[in-house]
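A closer look at the structure
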Amino acid sequence: MKSLVNTLSTSLIAAAVLTAPVTFAGQTAIADGVKKALGDSKVNLSFRARFENVDQDNIQDDASALTLKSRLTVKTGAYNGISVAAEVDNVTAIVEDYNSTRNGETKYPKIVDPEGTDVNQLYLKFKGEKTSFTAGRQRILHSGQRFVGGVGWRQNEQTYDGYRLAYKANDAFTLDYSYVYNINKIFGPRGSAADEDGEFHLANAMYKVNKDHKLSGFAYLLEYEDNDDKSTSTYGIQYNGNFGGIIANASYARQSDYKDSTKDFDADYLNLELGTKLGQVKILAGYELLGSDNGVGFTTPLATLHKFQGFADQFLATPGNGIEDIYFTAKTRVSGIKLSATYHDFSADEGSADWGSEIDLVAAYAVDKNYSVLLKYASYDADDHGSDTDKIWFQVAAKF
């Protein structure tokens, strides 16, 4: 937190120097501008209550968690393009029959929703015509969150301490670069697993060819301070296209050991998707590979992992032999209720292991702009990885 305060202090001093007047008239103008920015502030309050149950075959007792996340967000208006934002979260467990990784209840399966109050975001932002700069604790979400995300599904979100520069030349080209020195993990806000220090470079460039075709390139250089062997460099490209109602997505990346890592590997990532609409049903078929080299699997430690390879979260860490995931999704809407079903078939990249399969079901309903409910189910059928696992969630959310 001290580093975060130093970052904000330095940025505030720089902003003050840049806008400092030399006349009383100028001081009056600044006072009026600051007053207007504060008057334009927005205050939001949100609540998310969730029940989660986990039945895991290799653990005798089922886990049950009833948690409530309360969030207060304050954003000022802008003065000379400069604004400030602060966001505080509290997670309270009403039913705590689960292993939060911090509460000592190890007889239960893990549900990573530890209790606590945390400064989720606290940043200073400058926004110009084409460029924006953000300093402090912030949310960073890249391109579907497969490589960099916020893990927003969990009650304690993942955020980043550092500096972010975004440049938008026109409607076609954007560039986004962040230097991060600390990652606030979902295991916090307290404890040894709450933070990961290091030097993390996150870069993404996007070019919109036209309304139907988009190209992206990315580079993620992750150097961990306390775990050299976790350090990796990843470079990749992504394509998103629409061919007259047929959606095509493709992504490729190459990952290697980085800096002081003692591992020696070069692993590939590949994702191919085709989707279309049949009547009122959207269907999607995909193949995702997290490859393996020298017994080391391709990893995405900053991703919103719950979105990928099954809601049962059996592959949060990539096995040494890698993963091949063949999946099919169908989505529709009935009486305002969004419905989706996904089937996954998992196998190893190296060797002949059949990891298992999974079915995921979701029903979501927005009551109005303030209230929503969600019901979700995941069933993982284990073969050569993990154990049979069933999870169910019921969630109610409100925002004001």
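Heads up: the structure comes first, above all this text.
Bear in mind the structure is a predicted one, so any value in this text is a computation, not a measurement.

Quick word on the pattern of salt bridges
By the definition in use, this model includes 17 salt bridges. In this structure, R164 engages D176 in a salt bridge whose closest nitrogen and oxygen atoms are separated by 2.5 Å. Taken together, the residues R164 in strand 6 (residues 159-168) and D176 in strand 7 (residues 173-184) connect sequence positions 12 residues apart. Side by side, R164 and D176 carry an identical accessibility label, which is buried. Within this structure, R71, E87, D89, R139 and E157 form a network of salt bridges that share partners.

As for a nonpolar patch on the surface
On the surface, a cluster of nonpolar side chains totalling about 960 Å² of accessible area is made up of V43, L45, F47, L72, V74, V334, I337, L339, Y365, V367, Y371 and F400. Listing elements by their share of the nonpolar patch, those giving two or more residues are strand 1 (42-56), strand 2 (63-75) and strand 17 (337-347). No other element matches strand 1, which puts 3 residues into the nonpolar patch. Counting through the fold element by element, V367 comes out in the loop between strand 18 (356-366) and strand 19 (371-382). Residue classification places V367 among the partly exposed positions, given a relative accessible area of 46%.

Some words on the side chain of N249
Within the secondary structure, N249 is located in strand 11 (residues 246-257). Side-chain polar atoms of N249 contact the side chain of N240, separated by 2.9 Å. Other than its neighbours up to four places away in sequence, N249 contacts Y239, N240, G241, N271, L272 and E273.

A short note on the environment of G297
Relative to the elements of secondary structure, G297 occurs in strand 15 (residues 296-297). Overall, the relative accessible area of 7% leaves G297 in the buried class. Expressed as a C-alpha distance, the spacing of G297 and F47, which sit 250 residues apart in the sequence, is 38 Å.

A word on the pairing of strand 7
Pairing geometry for strand 6 and strand 7, over 10 bridges, is antiparallel. Along strand 7, the bridge assignment pairs Y167 with L175. The antiparallel hairpin formed by strand 6 and strand 7 contains 4 residues in its connecting segment. Examined bridge by bridge, strand 7 and strand 8 (residues 195-210) share 11 bridges and lie antiparallel to one another. Of the residues in strand 8, the one forming a bridge with S178 is L202.

Section: a positive patch on the surface
Residues K277, K282, K307, K331, R333 and K338 make up a contiguous surface patch of positive charge. Along the chain, K338 turns up in strand 17. Owing to a relative accessible area of 48%, K338 belongs among the partly exposed residues under this scheme.

Some thoughts on unusual backbone geometry
Most peptide bonds take the trans form, and the phi angle of most residues other than glycine is negative. Put simply, G188 and P189 share a cis peptide bond, and its omega is 10 degrees. Although it is not a glycine, S143 adopts a positive phi angle of roughly 40 degrees. Of note, S143 is situated in the loop between strand 5 (131-138) and strand 6. Within the chain, Q309 stands out as a residue other than glycine whose phi angle is a positive 60 degrees. On the secondary structure map, Q309 appears in the loop between strand 15 and strand 16 (323-334). By relative accessible area, Q309 is classed as buried at 5%.

Describing the pairing of strand 16
In this structure, strand 13 (residues 281-290) lies alongside strand 16, joined through 9 bridges in antiparallel fashion. Looking at the pairing, K282 lines up with K331 of strand 16. Here strand 16 runs beside strand 17; their pairing, made up of 11 bridges, is antiparallel. In the sheet register, R333 faces strand 17, and the bridge partner there is K338. Here strand 16 folds back onto strand 17, and the loop between the two strands holds 2 residues, one of which, S335, carries a positive phi near 50 degrees.

What to know about the packing of aromatic side chains
Applying the stated criterion across every chain yields a total of 13 aromatic pairs. Taking 6.2 Å as the distance between ring centres and 75 degrees as the angle between the ring planes, the aromatic pair formed by F147 and F298 counts as edge-to-face. Here F298 lies in the loop between strand 15 and strand 16 and F147 lies in the loop between strand 5 and strand 6, a separation of 151 residues in the sequence. Pair check on accessibility: F147 and F298 agree, each one buried. On the basis of an interplanar angle of 35 degrees and a centroid distance of 5.6 Å, the ring pair of Y269 and F298 is categorised as tilted.

Considering the nonpolar core
Note that soluble globular proteins tend to have their nonpolar side chains buried in a common cluster. Judged by nonpolar contacts, the single largest core of 20 residues is most densely connected at F147 and L202. Those elements that place two or more of their residues in this core are strand 7, strand 8, strand 9 (213-224) and strand 12 (266-278). When residues of this core are assigned to their parent elements, the largest contribution, 4 residues, is made by strand 9. Beyond its immediate sequence surroundings of up to four residues, F147 is in contact with F218, Y220, T234, A253, Y269, F298, T300, L302 and A303. Counting residues in each nonpolar core, the second largest holds 13 residues, with F346, A348, L374 and Y380 among its members.

Some thoughts on a negative patch on the surface
On the surface, D195, D197, E199, E225, D226, D228 and D260 cluster together into a negatively charged patch. Take D197: its relative accessible area is 32%, and that puts it in the partly exposed class.

Analysis parameters
- Residues numbered from 1 in each chain as written.
- Predicted model: local features only at pLDDT ≥ 70, side-chain atom pairs only at ≥ 80, totals over all residues.
- Heavy atoms only, no water.
- Salt bridge = Lys/Arg side-chain N within 4 Å of Asp/Glu carboxyl O.
- Helix = DSSP H or I, 4+ residues; strand = E, 2+ residues; numbered from the N terminus.
- Buried < 20%, exposed > 50% of the residue type's maximum accessible area, 1.4 Å probe, protein only.
- Patch = residues over 30% accessible without salt bridge, like charges linked within 9 Å, V, L, I, M, F, W, Y side chains within 5 Å.
- Areas by Shrake-Rupley, 256 points an atom, 1.4 Å probe, with all protein chains shown as cover.
- Polar contact = N/O pair within 3.5 Å; in protein donor to acceptor, adjacent residues only side chain to side chain.
- Contact = heavy atoms within 4.5 Å.
- Pairing = 2+ DSSP bridges.
- Lys, Arg positive; Asp, Glu negative; His and termini not counted.
- Charge placed at Lys NZ, Arg CZ, Asp CG, Glu CD.
- Phe/Tyr/Trp six-rings, centres within 6.5 Å; stacked < 30°, edge-to-face > 60°.
- Core = buried A, V, L, I, M, F, W, Y, C linked by side-chain atoms within 4.5 Å.

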